[in-house]
Amino acid sequence: MIDPSAPDFWSGLFQVLLVGTGQTLYMVGVALLITIIVGLPLGIVLVGTEPGGLFEKLFGSRRLGQVVNKVLEFVVNLGRSVPFIILMVALIPFTRLVVGTFIGPTAAIVPLAVVAIPFFARMVEIAIKEVDTGLIEAAESLGATRWQIVSKVLVPEALSPMILGLSTTVTSIINFSAMVGTVAGGGLGDVAVRYGYQRYSTIHMVAVIIVIFVIVMVLQGLATMLAKRFAHKSRPERAEPTSAALRASATAGSV
Amino acid sequence: MISVQHVSKTFRSGASVTAALQDVSLEVAEGEIFGVIGQSGAGKSTLIRAVNLLERPDSGTVTVAGDELTAMSPAELLRARRKIGMVFQHFNLLAGRTVRGNVELGLEIIGVDGDERRRRALEILDLVGLADKAGSYPAELSGGQKQRVGIARALAGKPKVLLSDEATSALDPETTRSILDLFKRINADLGLTVLLITHEMEVIKRICDSAALIENGRIVEQGRIVSLISTAGSRLAHELFPLGDAPHSAGDTVIDITFSGGSADRPVIAQLARTYGLDVSILGAAIETIGGNQAGRTRLQLPGSPSANLRPIEDLRSQGMLVEIVGE
């Protein structure tokens, strides 16, 4: 039991929160980076190897394309369907192999990335499928290679929905990072469990919730802003001029 | 410039088999504007995509600017496509790039460096009349402006051939005319060969030197428009000058006279009335300027059965006019 009236309570709370937030941001940040590096190409290959896709005949072989597509589909579905708490425990031998330990924030990055990669790959897949096939055709008519189609057309045109997908991914990584705390992964989840639950400090619990909420809100807002920045959708007042605007341009003699 | 020989293409989707192109052959001469007209589903889209091999034919050969595309390796084909520009019905512009960025896309693909890209993009935008929109995004443009960007993008790589896939079908009539005039201008100024597909006879009438009619995946008729006009029974000529179904009473003769070139300005009706004393009535007429020449058809009603009017009809034919007896 922690006594909130103790003189060092608030500075202690602040210290604990600071460390917890730092660990959470570290886990989430690195896991996110790995997720983008692996998930983006994975999503592109998932769409591309579909029948009629850009990489339908992977390295000249239609069979290889089909096999790769089936295998990736399976892996992504598997990764997405196993509950995180089970995945986390099941991955312990793997985590130990990669990081050398399964305790602490660095070790927590492994299961976080593993769960987030298939999630983000699906987001990328959905975003890229939304790109008008006419754009691919236009690039092909200009003599673009498949790599040029991916880098100059598919990814830039799908950027806006991909950023929104990324923000959903971050939110779930943060969510899972709290769960990692239960197996001594550190971070804000660890603070909530050790102080809020085991030592009955409601103030710690509330503080953790507020910090996590603020982090999610900031990231969500940033993503929405960036997505809008890259969307270049027509603004309604430009697409259909109001009668006032029409009158104004008529008097200016520029209709 | 473009030679399509015996091209066939069949689409299979589950149990249904669609023969999109059946033994299609087409010759487009250098520097001309060639229009393929047909209804939707006739195979026009497949045909134009077969020319730059976006749609690889099952059989037959495609040759553009001396390169046999159907015999090329994938890498060679990518290079050959750079000599063929294409514009699309729905423009297919990248929403995330500015107008200039869109025009530069083709130049980036062929590896032109930054300054040169910018210079050429601005030069071409000036040619299509969009120099002031270089920094705008496609969403801020009207349909006609978007298509001008599409044309600029296709022209940036200095192609020898321009393919147009229903480029004006999504545009209103006035914008259509301005885009067609732009095609005509780049055809004349740059000596570009243009192959277009359309379902609008207006397009053929306004800019094409030659035309082909496609139906159910087959080319039914093709040729230079001036010669199609003077070909008896040409369906394209009938479509170009639609006279409709004119009702006529039994015992009369209804003839369609096609004028072109020199015969266009002769006083035919007055001549018939004077020479043969016939009461000629005009049932319909269509006059157009095609390739700078007046051409047209007139539907006349002459009293008496066709056999009684053989002499005046022969007389008209001997003057170089195409005379078709309606209902025979």
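Residues numbered from 1 in each chain as written. Chains lettered and ligands numbered in written order. Predicted model: local features only at pLDDT ≥ 70, side-chain atom pairs only at ≥ 80, totals over all residues. Heavy atoms only, no water.

**With respect to the environment of Gly187(A)**
All names here are of chain A. With respect to the helices and strands, Gly-187 occurs in the loop between helix H8 (159-180) and helix H9 (188-197). Gly-187 sits in the buried class, given a relative accessible area of 1%. Beyond its immediate stretch of four places on either side in the chain, Gly-187 contacts Gly-20, Gln-23, Thr-24 and Met-27. (Helix = DSSP H or I, 4+ residues; strand = E, 2+ residues; numbered from the N terminus. Buried < 20%, exposed > 50% of the residue type's maximum accessible area, 1.4 Å probe, protein only. Contact = heavy atoms within 4.5 Å.)

**Observations regarding unusual backbone geometry**
All names here are of chain B. You will see that His-6, though not glycine, has its phi angle at about 50°, which is positive. Along the chain, His-6 turns up in strand S1 (residues 2-13). Its identity as a non-glycine residue notwithstanding, Asp-23 has a phi of 50°, on the positive side. Note that Asp-23 resides in strand S2 (residues 16-28). The exposure class assigned to Asp-23 is partly exposed, which follows from its relative accessible area of 46%.

**Some points on the domain arrangement of chain B**
Considered domain by domain, chain B is made up of domain 1 (2-229) and domain 2 (242-325). Averaged C-alpha coordinates put domain 1 of chain B and domain 2 of chain B at centres separated by 39 Å. (Domains from an automatic or database assignment.)

**Brief notes about helix H5 (residues 143-156) of chain B**
Helix length check: H5(B) (14 residues) gives 20 Å between terminal C-alpha atoms against 20 Å at 1.5 Å per residue, within 8%. The buried fraction of H5(B) is high, at 11 of 14 residues. All of the buried residues in H5(B) are Gly144(B), Gln147(B), Arg148(B), Val149(B), Gly150(B), Ile151(B), Ala152(B), Arg153(B), Ala154(B), Leu155(B) and Ala156(B). Buried residues along H5(B) sit in contact with helix H6 (133-141) of chain A together with strand S6 (84-88), helix H3 (99-109), helix H4 (114-127), strand S7 (161-165) and helix H6 (173-190) of chain B. After H5(B) finishes, the residue Lys158(B) shows a positive phi value of roughly 50°. (Expected span 1.5 Å × (residues − 1).)

**Examining the packing of H3(B) against H5(B)**
To describe two helices that pack against each other, one gives the angle between their axes and the distance between the axes. Residues and elements named next belong to chain B. At a minimum axis distance of 7 Å, the contact between H3 and H5 shows a crossing angle of 30°. When the axes of H3 and H5 are compared, the pair comes out roughly parallel. Handedness of the crossing formed by H3 with H5: right-handed. Across the interface between the two elements, Val-99, Asn-102, Val-103 and Leu-107 from H3 touch Val-149, Ala-152, Arg-153 and Ala-156 from H5. (Axes fitted to C-alpha atoms, helices over the stretch in contact; angles between N-to-C directions. Parallel < 35°, antiparallel > 145°, perpendicular 65-115°, else oblique. Left-handed = near helix turned anticlockwise from the far one by under 90°.)

**Describing the pattern of salt bridges**
Close approach of charged atoms allows side chains with opposite charge to pair. On inspection of all chains with the given rule, the structure shows 23 salt bridges over all chains. With a shortest N-O distance of 3.2 Å, Arg194(A) and Asp190(A) are connected by a salt bridge. One end of the pair, Arg194(A), and the other, Asp190(A), are both in helix H9, 4 residues apart, so they sit about a helical turn from each other. Under the relative-accessibility criterion, Asp190(A) is labelled buried at 12%. Between Glu123(B) and Arg119(B) there is a salt bridge; the shortest N-O distance is 3.1 Å. One end of the pair, Glu123(B), and the other, Arg119(B), are both in helix H4, 4 residues apart, so they sit about a helical turn from each other. Residue Glu123(B) is classed as partly exposed on the basis of its relative accessible area, which comes to 44%. Judged by relative accessible area, which is 43%, Arg119(B) ranks as partly exposed. Here the salt bridges share partners, and the residues they tie into one network are Glu50(A), Glu73(A), Arg122(A), Glu125(A) and Lys129(A). (Salt bridge = Lys/Arg side-chain N within 4 Å of Asp/Glu carboxyl O.)

**Considerations on the UniProt feature "domain: ABC transporter" (unreviewed entry) in chain B**
Summarizing the sequence annotation, UniProt attributes the feature "domain: ABC transporter" (unreviewed entry) to residues 2-241 of chain B in the numbering used throughout. Between the end C-alpha atoms of residues 2-241 of chain B the distance is 28 Å, and the span holds 38% helix and 28% strand. (UniProt positions renumbered as here; feature names shortened; annotations may be inferred.)

**Notes on the interface of chain B and chain A**
In this assembly, 23 residues from chain B lie in contact with 22 residues from chain A. Both sides of the chain B and chain A interface together cover about 2,000 Å² of buried area, and 59% of this is carbon and sulfur. Remark: the boundary between chain B and chain A carries 2 salt bridges. Across the pair Lys152(A) and Glu108(B) runs a salt bridge, and its minimum N-O distance is 2.9 Å. On the surface where chain B and chain A come into contact, there are 7 residue pairs in polar contact (both at pLDDT 80 or more). Looking at the side of chain B that touches chain A, the elements that each hand over two or more residues are helix H2 (74-81), S6 and H3 of chain B. For the side of chain B that touches chain A, the leading source of residues is H3(B), giving 4 residues. (Buried area = accessible area lost by both parts, 1.4 Å probe. Polar contact = N/O pair within 3.5 Å; in protein donor to acceptor, adjacent residues only side chain to side chain.)

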